[in-house]
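Per-entry structural report
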Amino acid sequence: PAEGGQELTIFGSNFGALDYSPAVSIGDSSCRAKHWVSDTAILCTVTKGTRFLAGANQELPLRVVVGLEHYPRSFQTGLMTESYTYDLVVKRTFTINNNEINIIAFMS
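If you're wondering where the values come from, they're calculated on a predicted model, not measured in any experiment.

About the criteria used
- Residues numbered from 1 in each chain as written.
- Predicted model: local features only at pLDDT ≥ 70, side-chain atom pairs only at ≥ 80, totals over all residues.
- Heavy atoms only, no water.
- Helix = DSSP H or I, 4+ residues; strand = E, 2+ residues; numbered from the N terminus.
- Core = buried A, V, L, I, M, F, W, Y, C linked by side-chain atoms within 4.5 Å.
- Buried < 20%, exposed > 50% of the residue type's maximum accessible area, 1.4 Å probe, protein only.
- Contact = heavy atoms within 4.5 Å.
- Pairing = 2+ DSSP bridges.
- Patch = residues over 30% accessible without salt bridge, like charges linked within 9 Å, V, L, I, M, F, W, Y side chains within 5 Å.
- Areas by Shrake-Rupley, 256 points an atom, 1.4 Å probe, with all protein chains shown as cover.
- Salt bridge = Lys/Arg side-chain N within 4 Å of Asp/Glu carboxyl O.

Summarising the element assignment, Q6 is placed in the segment before β1 (7–11). The sequence separation of Q6 and T45 amounts to 39 residues, and the corresponding C-alpha distance is 5.5 Å.

For the rest of this paragraph, the subject is the nonpolar core. In this structure, I10, F15, V24, I26, I42 and V64 are the most contacted members of the largest nonpolar core, which totals 14 residues. At the level of elements, β2 (23–26), β5 (41–45) and β6 (60–66) are the ones that each hand at least two residues to this core. At four residues, β6 tops the list of elements feeding residues into this core. With residues near it in sequence (within four places) discarded, I42 still touches L8, T9, I10, F15, P22, V24, H35, V37, V64 and V66.

Let us now look at the sheet that holds β2. Pairing in this open sheet of four strands is antiparallel, and the strands run β3-β2-β6-β7 from one edge to the other. Of all strands in the sheet, those with a lone pairing partner are β3 (29–30) and β7 (76–84), marking the two edges. Examined bridge by bridge, β6 and β7 share six bridges and lie antiparallel to one another. Following the sheet pairing, R63 is matched in β7 by L79.

Where strand β4 (residues 34–38) lies against β5, four bridges are found, and the strand directions are antiparallel. Across the sheet, the residue bridging to W36 is I42, located in β5. Between β4 and β5, which pair antiparallel in sequence order, lie two residues.

A few words now on a nonpolar patch on the surface. Nonpolar side chains collect at one region of the surface, where F94, I96 and I101 lie side by side and expose about 230 Å² of accessible area between them. Within the secondary structure, F94 is located in strand β8 (residues 88–96).

Quick look at the structure:
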């Protein structure tokens, strides 16, 4: 969903035999929390969608960078294009009997 906060598990290979401080980004946004699980899995907490123009949060690239933090030449980058889509957000406000009602709907 566009509000973010979901935990995303990324499966792949060669993420490292030890925790190599992975960096994960979706589109232009970095995941808030990253956690190396194993050589084949990383967890990250997705940030909220920041662009709400038509189609801007659809089919975003997912980038994973692993390596020794103190040795930048060890960094390896994996990129999967068109791999993540935020749900579209619809916000509506209306009034019934002088009471303001706010609705947020997520559409996919």
